[in-house]
Each structure stands twice: as C-alpha cells, then as structure tokens.
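As a plain string of letters, each chain reads:
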Amino acid sequence: MYLPDFDYHLPTALNEACLLLAQFGEQAKVLAGGTDLLPQMKNELIAPEVLVSLKGIEGLREIEYIQGKGVVIGAGATENDLVDSKLLREKFLSISEAAATMANNQIRNRGTIGGNIVSAVPSADLPPILIALKASVTLVGKEKTRVIPLEDFFVGPRRTVILCDEILTQVIIPDQATTGSAYVKFGLRNSGALAVVGVAASVILDGSYVKETRIVLGAVGPTPMRATKAEHLLIGKPVTETLLEEVGRVASMECSPISDIRGSEEYRRDMVRVFTERALRKALKLPSLEGMEDS
Amino acid sequence: MVPIRNIKREKSRYAIDLVINGDPYSLAVKANALLLDVLREQLNFTGTKKGCELGDCGACTVLLNGKPVNSCLVLAVEADGQHVTTIEGLEKNGKLDALQEAFINNGAIQCGFCTSGMILSAKALLTSNPQPTEQDVRKAISGNLCRCTGYVNIVKAVLSAAEQEERTSHE
Amino acid sequence: MNKGDYAVIGKSVPKIDARLKATGQALYVADLKFPNMLFGKVLRSPHAHARILRIDTSEAEMLPGVKAVITHKDVPAKKYGISPARYDENIFCIEKARHVGDKVAAVAAIDEQTAYRALKLIRVDYEVLPAVFDPIEALAPGAPLVQEDYPGNINVEVHQSFGNVEEALQRAYYVRKDTFVGHRTYHSPLEPHGSIATWENGKVTLYTSTQKPHYIQYYMAHEFDLPMGNVRVVAPFVGGGFGGKTGPTDLDFSSVVLSHMTDRPVKMLYDRSEMFAYNRGRHRLIMELSTGVDRDGKILGIHANFIMDGGAYTGNGIATAYYSGALLTLTYDFENYKYDMVRVYTNLPGCASQRGHGGCHPRFALESQLDRIAQHLDMDPIEIRLKNLRKPNTVTVNDFRINSCELKSCIETAKKVSKWNNKREGMPSGGHGIGLAVGSYVSGAGYPIYRTNLPHSVALIKVNEDGTSAILYTGAVDIGQGSNTVLCQMAAEAMGYRYENMRIVSADTERATHDFGAYSSRQTLMSGSAVKEAGEMIKAQILQMAGEMMNVDPTKLDCRDAIVFLKDDPSVQKGFGEVAREHFVKKGLLLGRGSYSPPKLGGTFKGSTVGTSPAYSFAAQVVELQIDKETGAIALKNAWDVHDSGMVINPALLEGQVHGGLYMGIGEAIWEEVRFDQNGRILNPNLGEYRLPTALDLPMFHASTVESSDPAGPWGVKEVGEGATVPTEGAVANAVFDALGVQIDSLPLTPEKIWRALKEKERSHGT
C-alpha cells in the first residue's frame with residue numbers, strides 16, 4: 001500500500017489553518033492523529049491533495065476545567081489523554097472509560113477526540129457519551145467561531161455540519177448534576193473492535209425517581225441518536241427491573257441498524273435492548289445481572 | 001500521454017530531525033513518507049516490521065516520545081523533532097534490556113515477527129507501571145497481534161521482567 | 001533410556017535464534033536489500049470470473065522508472081500446481097481470470113510508488129462472465145465452468161469404503177446423521193509473503209518466505225526448464241507459515257522473470273489484502289456425517305460424505321481432499337468406514353493446507369456428534385471416547401499403522417487437570433460450559449508431494465578444525481516452531497557435543513542439504529532422523545580417533561557434553577576439541593552424513609498414501625468457557641492440551657507450539673472467517689475485520705505431555721505443531737453444547753450465531 005502524493009502544510013496558528021482550508025476547499029483535509037485519515041488514503045477511498053496538519057498549533061491538547069463553562073477538552077487530546085486525565089476521571093469517568101474501549105493502545109496514542117468526532121463514523125465511541133453529557137463543540141472558521149451542541153453536529157455517515165474552512169477546536173462538557181453516566185460498547189473482540197452497538201446513558205435522579213436522562217445509541221443508525229421514546233419512559237418514574245427492561249425494548253425499536261459484516265439488523269436491534277439496560281445499570285451503579293463484564 | 005500530476009508535490013522534500021534511539025538524524029523526506037518506511041528503508045532499522053499497514057497488528061510499533069504508536073500510520077514529517085525508540089534502541093552497551101532477556105528465557109519468541117512491537121509495548125508499560133498485573137499486561141499488548149504464541153509466554157515474560165527489575169532495583 | 005539420561009535433548013534450552021529476534025536483527029525477506037534492486041508488484045483481476053480480451057501495457061512501460069512489464073506473453077504457458085495430478089494454474093492468467101485477485105500482469109520499477117503507479121496504467125479489457133461461489137451451486141448442471149479441463153467443476157472425487165457401513169448402520173442401536181459446515185479461514189501469518197530474485201551466470205537465487213525451499217526450487221526448475229542446480233532457493237527468517245507458505249506464489253514466479261529480464265535483483269512483497277487474495281487457506285467443508293453406535297456407545301460404522309469448496313486452483317488442496325477423510329479414523333477403533341467426497345472448483349481464491357491439514361473441520365464434526373450421541377445414551381463425553389479408544393500397535397480401518405498411542409493417558413490426564421468432574425453440570429444453565437475433544441495427526445507424510453525416490457531428509461554436520469564449533473547443514477526450515485533449535489539439540493546429543501557450540505545453516509537448497517521442508521509436521525521426526533544419523537557418524541569418528549590417542553578400544557569410550565571419557569572410569573578423558581583437531585590434521589574434514597526415508601506405508605486402495613506416516617501424535621483438549629446468554633459472546637476461561645508427542649526434545653518449544661495450536665483453533669472456532677460479497681470480493685482482507693484474538697480475548701493455556709516414545713522417531717519423537725490445532729474446534733463446540741444445550745452445526749461460533757441458536761431453542765421449548 002502507499003499514500004498518494006499530497007502537499008503538506010504546517011500552520012502555526014489556527015487562523016492560518018482556516019485560511020488554508022478555505023483556500024483549498026474540497027481538496028484539503030485536516031490532519032490530526034491520522035488514524036482514520038491515513039487508512040482511508042491507503043485504501044484509496046479518498047485522495048486529498050492537501051493535508052493541513054494541526055501539529056504546529058499550540059493549545060489544542062489541553063484538558064481543563066473552566067469555571068462557568070465546564071470541562072473543556074482540546075480537540076487535539078488523544079484518546080489515551082482522555083483515558084489518563086486525572087481531571088476527566090474525576091469529573092466524567094464515563095468519558096475516560098469510553099475512550100479506553102477504542103481501537104488499541106497504539107491507535108489511542110495518536111487518534112484524537114476531534115478526529116473521532118469529525119470523522120463521523122457511525123460506530124465512533126466518543127460521540128454517544130459526549131452527547132449523553134450534553135457536550136457542545138467549538139468550530140473555528142476563518143472569519144467566525146461558533147459553538148453548537150454535539151447532538152446537532154452529525155448529518156449522516158461521514159457527514160457533519162462542519163464547513164470546509166472550519167476546525168473543531170474544543171469539546172465542552174457543561175457542569176451538570178448527573179447522578180451517573182456510562183458508555184457500554186459491544187464489540188466482537190476485546191480490543192481492536194468497532195462497536196456493533198454502543199449505548200451511552202446519563203441519569204439524574206431525584207430521590208429514587210428519574211428526573212432527567214439521556215440515552216444515546218451509537219452504531220445503529222446513520223448518526224449517533226438519542227432514544228427519546230426510551231428516555232421519556234423513564235422520566236418521573238422510580239427505577240425498577242421491569243422498567244429497565246421496557247426501556248431497553250423501546251430503545252431497540254427506535255433505532256435503525258443495518259446488516260453488515262459485523263451483525264444483522266435483527267441482532268443489533270436486540271443488542272440495543274440488552275445494552276441500553278446495561279448502560280443504565282452501569283450509570284446507576286446497579287449490579288449487573290449476568291455478572292459479565294461489558295468490555 | 002498520461003499527465004503526471006503535481007510534479008511540485010513529488011519534488012517537495014521536507015527537512016526533518018528525528019532523535020532515534022538517542023541519536024540525531026537529519027533527513028529529507030517526502031510528505032507522504034511514513035515513519036515506518038523512513039526507519040526501514042532510509043535508515044535501515046529493519047527491526048520494525050510491516051505487517052498490515054493499517055494499524056491493526058502492531059508489528060510496526062515504535063515508541064514516539066515514549067508512547068507506543070503504529071509507525072505505519074505516522075507521517076515522517078509529523079514525527080519531526082520527536083524522539084523515536086525502535087527495538088534496536090533497547091540494548092545498551094551490549095547488554096540486553098530485561099524484557100529482551102525475559103522474552104528469550106520464557107519461550108515468548110517463536111517466529112519473531114511480532115517480537116519487536118510486542119517488546120516495545122511492554123517496555124512502555126513497565127516504564128509507567130513497574131508492577132503490572134496480568135490484566136495490565138494483556139491490555140498493554142492488546143494492540144500487538146501474535147499468531148504463534150497465544151500470548152501465553154509473552155505475558156509470562158513481561159511479568160517476569162517486571163519481577164526481575166523489581167529485584168534489581170532493590171539490590 | 002529415559003529422559004534423565006540425555007545430555008541435551010529433553011531440555012528447554014533457549015532458542016538458537018531468540019537473541020536475533022529479540023534485538024530486531026533477524027532478517028526476514030522484506031528486510032533484505034541488494035544493490036541495484038528493483039521493486040515489483042502484481043496486477044490482479046478485480047473480477048471473479050472474466051475473459052481477458054486485451055492487455056495494454058504500453059502506458060505503464062512508458063512511465064519513467066518502470067523497467068519491465070510482463071504478462072502471460074512473457075512467461076512460459078506451462079501449467080503448474082503442487083501435485084502433478086492437478087497442474088491447473090498459470091503464472092499469469094491467459095484466457096481468463098478465475099477469482100478476484102487472480103494474477104494478470106506484473107511490473108518492476110525503481111521504487112514501490114512507481115510500481116503502484118505503473119499497475120494503474122495497465123489497461124485490461126475484461127469480459128465479465130457469470131461466476132459461481134458455492135460448491136453445491138458449482139456442481140449443479142449449467143453452472144459456470146471454472147476450469148475448462150474439469151467438467152461439472154469437479155476437481156477431485158474420493159470414494160473409499162472399508163467394511164460395510166450400510167450394514168453397520170442398519171444394525172446400530174442408535175444412528176446420528178448431522179450436516180456440519182466448516183468455514184473458510186486463513187493462516188494470516190504475521191509476516192507477509194515476499195520474494196527477491198537475482199540472477200548470476202544463468203543461475204537464479206530466489207529468497208522467499210517459504211516453508212518448502214526444495215519444492216519451490218522444483219517448481220521453478222520445472223516451469224522455466226532449468227536444471228535444479230541452476231535454481232537456488234533460500235528461506236530467510238520466516239515470520240510464520242502455518243501451511244500458507246507452501247506453494248509457489250505469483251511473487252516467486254514474477255520476481256524470477258522480472259529479474260531475468262532486467263538483470264537486476266527484483267523484490268516483491270504482498271500487502272495484507274494480497275495475502276488474503278492468494279489465500280490457500282482452510283477449505284469450506286460441508287460435512288454430512290452418519291455415525292452408528294451400539295447401545296454401549298461403541299462406534300460400529302461411520303459414513304463421511306463431504307463437499308469441499310476448493311476455490312479456483314488446486315494447490316495442495318488435492319491432499320486436503322484425502323486428509324479430510326483419512327484422519328478421522330486415527331483416534332477411534334471402528335471397522336466400517338465410508339468416505340465420499342467431492343472437491344469443487346469455485347470462482348474464489350484457492351484453498352489448500354492450513355495447520356492441521358484436513359484434520360480440523362472433520363474433527364469438529366465428529367467430536368460434536370459424539371457428544372450428542374453421548375447425551376442421547378446418557379454417557380459422559382469422556383466415557384464414550386474411552387469406549388472407542390485407539391490403542392497402541394493397531395491398524396486403522398484405512399490401513400494406517402499406529403505404533404505408540406497414549407490417547408487414553410491423554411484423556412485421563414486432561415480429565416484430571418481440568419477438574420472435569422467438578423465442572424460438569426447436569427442441566428445447562430448459567431452459560432458455563434466445559435468440552436473435550438481428541439485428535440491425532442501425522443508426524444510427516446509417508447509420501448512426498450511429487451513422485452520421487454529422493455530421500456525425505458538429508459543432513460550434514462561439519463566439525464570445525466579445532467572442534468570449538470560444529471555446523472549442521474539441513475534443508476529443514478524454521479518458521480518459528482523452533483526446528484533450528486531442536487535439530488541442533490539432536491545433533492549435539494547424537495555427537496556427544498554441546499548445544500551451545502552448534503551452528504546451523506538451514507533452509508537453503510544450495511548451501512544446506514536436501515530436505516522437503518516444514519509441512520505435515522515432519523521435521524522433528526524426519527529431519528531429526530537424518531540429523532541423528534549424521535551426529536552418530538561424527539561421534540563414531542571421534543571415539544575412533546580418541547581411542548587411537550588414548551590407546552583404548554573405542555567401544556570402551558563414550559562422549560557427552562564435548563568430553564570423551566572412559567566408560568569404566570570417567571575421570572579418564574579427552575576434550576572433544578582436542579580429538580577433533582587431531583582428526584582434522586590426520587584424516588581431514590570431520591563430517592557426518594545422515595539421510596531419512598520413511599518405510600513403505602499404507603494400503604493399496606486409491607488415495608491410500610495420504611494420511612500415512614511413520615508415527616502419529618495424539619491429544620486430548622479441554623476448553624472451559626462462559627457464555628453471555630443475552631449476547632451470545634463467549635468468554636474463554638481455560639484451555640488444556642494433553643499431548644502424546646513421543647519423546648519431547650524441547651519441552652518449552654513444545655508448549656509454545658501447543659499454545660499456538662490452541663490459539664489458532666480457538667480463533668477459527670469463534671472469531672475467524674473469510675467472507676465474500678456477492679461478486680466474490682473478500683469483505684475482510686485485513687486484520688481489523690478478519691479477527692485474530694487479541695491478548696485480552698484469551699486466558700492462559702495449559703500444555704502438558706504424557707510419557708511416550710515411538711520406535712519410528714529418533715529417540716522416540718513424534719509431532720506436535722499441527723496436532724495441537726486438530727481437536728480445538730471440536731472442544732470449543734462441545735463446551736458450547738455443554739453450556740447451553742444448543743447444537744450449532746456451523747463455524748464460527750459467533751455471538752450472533754449463538755444468540756440465534758438460543759432463540760431457536762426458546763421458541764421450540766416455548767420458554
């Protein structure tokens with residue numbers, strides 16, 4: 001295999017990068033960790049003529065807490081940066097744990113949260129938990145900057161609302177009174193596996209009643225999607241075994257999985273049922289029924 | 001007559017500096033040159049292997065600033081100014097690293113093709129976690145495929161090396 | 001003589017090449033570089049079945065940096081293959097391409113990128129033809145014809161009958177008939193195939209990642225009409241083979257031709273997807289198995305009726321066709337056996353030998369069936385095996401002579417170490433399961449692949465002038481299993497020398513000696529026999545010379561650990577080195593020669609040679625797992641292998657082979673499958689979707705052996721490398737059966753398949 005030729009640009013400032021992207025438009029791609037981009041190029045699925053590297057831009061890799069904003073993760077933070085971040089583990093352990101399920105150690109040392117989001121692969125592991133935790137993303141263009149909820153970022157497989165001159169620079173997870181959150185991934189082996197089904201759940205309890213919840217399904221639709229009917233079923237109710245089973249069933253009917261090499265539509269749907277329940281149990285720190293580890 | 005696109009692109013060479021196994025190397029590379037190929041073909045560090053070219057097997061693992069990465073997915077230009085450790089860099093003054101000894105003595109090497117990458121992943125583990133559990137070891141090498149050993153003796157070797165280092169540090 | 005009496009063998013000495021591999025110094029074919037070297041690539045058909053109307057290479061030839069472009073016009077049109085009975089392949093497709101990936105042309109260029117560019121400039125006009133991807137469809141009248149010389153797409157048909165199976169099944173107390181499906185899997189060694197050819201004075205040297213330098217030499221000589229002496233084949237370090245590096249590849253042929261045309265060394269490598277396209281992996285097998293037992297569970301007769309998907313080319317798949325039936329009789333003693341099989345051409349990559357060669361999928365079928373029969377008869381699965389056990393010094397129903405056989409011991413030990421009785425539950429519940437399967441395998445094939453009276457292995461040992469080292473020359477190939485180490489141990493033992501002073505030149509048809517190579521798990525027994533003979537010849541000369549020097553009758557002397565000593569008073573000694581030097585000065589080179597050919601083996605029926613072997617290994621494996629009943633996912637808890645491998649030369653290396661065998665069998669049982677789309681394109685030609693288990697997917701494996709020794713092997717050795725994969729699929733399937741009570745008839749046992757089986761069970765039981 002080989003990479004086609006391309007021009008390589010190493011801007012030292014964000015605006016310079018945006019200008020380059022604006023200049024080259026469709027011919028250019030952003031290079032962050034390269035773990036999705038380079039395989040696509042080697043497999044001859046894409047052949048960008050220009051790569052704009054983010055390596056030279058300062059400040060894209062920080063993970064910090066900003067009062068009034070929440071946890072701000074630089075888009076250039078690698079997946080292992082997310083796994084190892086003390087701050088993230090303290091505030092949103094479910095994000096670190098989601099990152100730990102991704103690909104393998106070597107890939108996680110290069111692949112970035114920004115790349116995982118912008119690549120918009122339906123089975124990506126970070127978007128579901130980030131959406132469950134109400135994340136928004138900062139998109140910096142050559143002229144303006146905007147912040148949009150991550151939930152509104154995805155349009156379809158490998159399609160997002162990002163404009164050709166924009167760079168995703170930050171993921172912001174706002175302060176929230178979440179009782180618990182979790183991401184459970186079902187892959188066909190324990191490392192180096194894409195999600196057949198991925199479910200993220202975040203719950204706010206008021207006493208024993210569910211006050212607020214988000215259930216986000218990954219790998220079972222063209223984009224990560226909220227199982228809104230399943231969410232509504234939980235609101236205002238106390239958590240019981242029966243309710244969790246019902247929530248799982250409803251979530252499984254809301255999604256639109258495809259049949260592919262990793263699983264049939266029928267199987268995926270049933271796994272949404274199983275893993276929605278497991279995600280909620282994990283988020284609520286309830287003992288798992290099977291005694292099985294999820295990953 | 002086939003138009004040859006972008007002659008400029010092909011002629012462009014980027015000057016990069018790599019510190020490999022502690023030594024400085026100044027190179028001129030093309031934009032599309034992968035770190036794996038620069039190591040193997042330009043610099044003759046053939047200990048790093050090409051197994052799948054897509055980051056699935058780990059045979060090309062090197063340490064980039066101490067962290068294991070798949071060198072088949074790192075552009076050489078992206079490694080500019082950084083530290084690379086290949087398998088050749090583990091031996092110091094003719095003395096093998098404890099991991100290398102442990103691999104040799106614990107039957108952890110059969111065909112040897114995964115060995116370079118496997119040892120480097122283990123090296124990074126022991127550097128950050130000198131007392132790993134079996135599960136820690138399995139996690140650390142889960143991005144390195146081996147077709148020969150079932151990982152059994154590899155795990156034993158890494159745990160043995162950890163134990164050996166622990167003993168040496170107390171002497 | 002028991003283990004304790006040996007100086008070198010029986011000990012887990014570190015591998016002779018371990019340090020080279022641990023330091024990255026071992027050179028595999030892709031690591032080799034030659035001055036003025038070119039880089040080559042092969043152009044492959046994107047269609048599964050297509051007539052080639054026109055190939056225009058003119059634009060490719062004009063690309064700066066391209067030195068040669070070749071198609072079928074530039075190479076001999078002579079067909080080749082592995083077995084002369086089925087030479088059905090050309091270096092490049094002539095009239096048509098027969099599978100996606102079939103070789104159409106090749107280029108040599110100054111660098112890899114130019115070679116890839118040149119491939120894109122070759123214009124091929126194809127006329128796409130209807131293709132067939134399923135063996136049953138391929139057999140149906142009117143199916144597209146894959147190979148013109150084989151009407152009905154029948155590649156090989158086997159019909160063997162022993163005793164009277166119909167009658168046996170008639171009088172059986174219970175007959176089970178099941179149809180099992182074994183799937184296409186692929187060896188996927190970690191090192192891709194590669195070849196470098198270079199010519200000098202009419203002689204070609206081919207460096208290639210191969211298990212069989214001799215056979216590659218033979219095919220090159222045959223195809224290019226060269227004397228064998230003008231072809232030198234060298235295997236550098238090989239990063240695994242598992243049966244997939246046993247045939248000549250398009251890289252071998254193309255590099256030889258391109259190098260000849262350009263008069264420069266030409267290096268050609270597969271990428272991972274090309275490895276999958278070349279394939280020659282395990283056959284998909286549709287196995288209709290009927291087994292009849294008496295009321296005590298004794299097998300009265302078996303009818304195996306198989307259909308094999310052979311792909312577009314035979315390779316050594318013809319041997320697989322026979323092995324698939326032959327090996328079933330080894331572990332159990334029954335008198336009536338019928339084996340019918342048809343190996344079918346399809347427009348998919350060819351299938352051939354893969355670790356366990358024909359032994360694994362049929363074993364999965366028979367072992368699964370036995371567990372079901374045992375359940376019906378309310379017998380423990382171990383009990384039914386013991387009832388039918390192969391005993392030593394018996395002959396199988398298909399005329400294979402078994403000398404040593406410690407299968408009973410293997411089973412009883414496996415039962416103990418796995419704590420079988422504690423773990424078997426009455427009713428399946430909770431998803432925990434434990435399963436057993438047994439297997440057996442040849443220690444080398446009784447007959448070579450082409451008809452020849454050449455010995456199977458030849459070895460030469462040269463002691464250097466002052467005896468401080470000895471060089472073993474052997475054509476045997478170390479593909480990771482450790483043959484270089486084991487053969488040096490055997491040489492040192494036979495010589496009375498020290499392993500540490502051994503050097504080895506191997507896997508080189510010119511610089512080493514003739515040997516058929518690493519396949520059918522032959523080298524420890526066969527190459528080892530030749531090595532032992534060579535070593536004994538050295539020792540005899542040493543003792544003779546020492547006798548002269550010490551003025552003692554040589555029969556009163558012995559040699560061990562490089563010290564010659566008087567048997568009656570070991571303090572009277574002479575160093576091996578001193579004696580060797582004296583020999584060199586007085587008599588010249590101190591050489592030892594050895595040679596091995598197996599005795600004439602096997603019956604007289606058609607195909608009787610396949611499955612013959614001087615000795616057979618036996619094994620019992622137990623797999624313990626836990627199934628998540630909601631998802632069907634299997635978590636492996638433990639796996640045990642207890643092996644009868646005869647005398648064990650290097651216990652650590654044997655264990656390594658067992659670990660690897662279990663790894664492959666488990667991978668194939670649960671995760672691995674080569675899958676195709678409706679156009680015959682491989683869907684998963686990469687290591688992301690062709691799932692090899694990772695370190696996080698497996699438990700520790702436990703390997704052990706039982707005391708055994710076979711008269712046919714040097715010091716009693718037998719094989720282990722392939723026998724360790726043979727029972728595994730069966731053991732996993734039986735563990736699943738134990739866990740869930742569901743009978744799954746096809747592999748792999750993916751979570752979805754188990755999920756479906758559970759739903760089906762629920763539905764039929766109304767629970």
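Just so it is clear, the model here is predicted, and its values are computed rather than measured.

Here is what the cut-offs are and how they apply
- Residues numbered from 1 in each chain as written.
- Chains lettered and ligands numbered in written order.
- Predicted model: local features only at pLDDT ≥ 70, side-chain atom pairs only at ≥ 80, totals over all residues.
- Heavy atoms only, no water.
- Helix = DSSP H or I, 4+ residues; strand = E, 2+ residues; numbered from the N terminus.
- Buried < 20%, exposed > 50% of the residue type's maximum accessible area, 1.4 Å probe, protein only.
- Contact = heavy atoms within 4.5 Å.
- Areas by Shrake-Rupley, 256 points an atom, 1.4 Å probe, with all protein chains shown as cover.
- Lys, Arg positive; Asp, Glu negative; His and termini not counted.
- Charge placed at Lys NZ, Arg CZ, Asp CG, Glu CD.
- Rg over C-alpha atoms; globule rule 2.2 N^0.38 Å.
- Buried area = accessible area lost by both parts, 1.4 Å probe.
- Salt bridge = Lys/Arg side-chain N within 4 Å of Asp/Glu carboxyl O.
- Domains from an automatic or database assignment.
- Polar contact = N/O pair within 3.5 Å; in protein donor to acceptor, adjacent residues only side chain to side chain.

Notes on the overall build of chain B
Broken down by element type, chain B carries six helices and five strands. Beginning at the N terminus, the succession of helices and strands in chain B can be written as α-β-β-α-β-β-β-α-α-α-α. C-alpha atoms of chain B, sized along the principal axes, occupy 65 × 30 × 25 Å. Counting the 171 residues in chain B, one finds 61% classified as buried. By sequence separation, contacts in chain B at least 24 residues apart represent 54% of the contacts at least 6 residues apart. Taken as a whole, chain B presents about 6500 Å² of accessible surface, with 50% of it coming from carbon and sulfur. Taking the average location of the 18 positive side-chain charges in chain B and that of its 19 negative ones, the two points are 8 Å from each other.

Considering the overall build of chain C
In terms of regular secondary structure, chain C is built from 19 helices and 28 strands. The C-alpha atoms of chain C give a radius of gyration of 27 Å, which matches the 27 Å a tight globule of 767 residues would have. Taken along the three principal axes of its C-alpha coordinates, chain C extends 90 × 70 × 50 Å. When each of the 767 residues of chain C is scored for burial, the buried share is 67%. Restricting the contact set of chain C to residue pairs at least 6 apart, pairs at least 24 apart contribute 80%.

With respect to helix 5 (residues 93–100) of chain A
Among all positions in helix 5 of chain A, only A:Ser94, A:Ile95, A:Ser96, A:Ala98 and A:Ala99 are buried. Buried residues in helix 5 of chain A make contact with helix 3 (79–84), helix 4 (86–91), helix 6 (105–108), helix 8 (126–132), strand 10 (167–173) and strand 11 (180–186) of chain A.

What about the interface of chain C and chain A?
Listed as interface residues are 29 residues of chain C and, on the opposing side, 26 residues of chain A. A buried area of about 2500 Å², summed over both sides, lies between chain C and chain A, and 49% of it is on carbon and sulfur atoms. The largest share of the area that chain C buries against chain A comes from C:Glu630, C:Arg691 and C:Trp755, three residues that together contribute 22% of it. Connecting chain C to chain A are six salt bridges. Here C:Arg756 ties to A:Glu266 by a salt bridge, and the two come within 3.0 Å at their closest N and O atoms.

Notes on unusual backbone geometry
The linkage connecting C:Leu747 with the following residue, C:Pro748, adopts the cis geometry, with an omega of -5 degrees. Mapped onto the elements of the fold, C:Pro748 is located in the loop between helix 18 (728–740) and helix 19 (751–765). Notably, A:Ala103 is not glycine yet its phi reads approximately 40 degrees, a positive angle. Even without being glycine, A:Arg158 reaches a positive phi, approximately 60 degrees.

So, the domain arrangement of chain C
Residues and elements named next belong to chain C. Segmenting chain C into domains produces domain 1 (3–25 + 456–596), domain 2 (32–129 + 190–240 + 245–278) and domain 3 (284–446 + 603–766). Listed per partner, the contact involves 28 residues of domain 1 and 27 residues of domain 3. Buried area between domain 1 and domain 3, both sides added, is near 2100 Å², and the carbon and sulfur share of it is 66%. Broken down residue by residue, the surface that domain 1 buries against domain 3 is led by Ser 520, Ser 521 and Leu 525, which jointly contribute 29%. Our enumeration of links across domain 1 and domain 3 arrives at zero salt bridges. Across the contact surface, domain 1 and domain 3 share 12 residue pairs in polar contact (both at pLDDT 80 or more). When contributions to the side of domain 1 that touches domain 3 are tallied by element, the ones reaching two or more residues are helix 14 (483–495) and helix 15 (526–550). A total of six residues in the side of domain 1 that touches domain 3 trace back to one element, the largest contributor, which is helix 14.

Things to note about the environment of B:Gln82
Along the chain, the position of B:Gln82 falls in the loop between strand 4 (67–70) and strand 5 (83–85). The spacing of B:Gln82 and B:Val19 is 63 residues in sequence and 6.2 Å in space, taken between C-alpha atoms. Not counting chain neighbours up to four residues away, the residues in contact with B:Gln82 comprise A:Lys55, B:Asp17, B:Leu18, B:Val19, B:Leu64 and B:Asn65. A polar side-chain atom of B:Gln82 sits 3.0 Å from a polar atom in the side chain of B:Asn65. A polar contact is formed between the side chain of B:Gln82 and the backbone oxygen of B:Glu78, at a distance of 2.8 Å.

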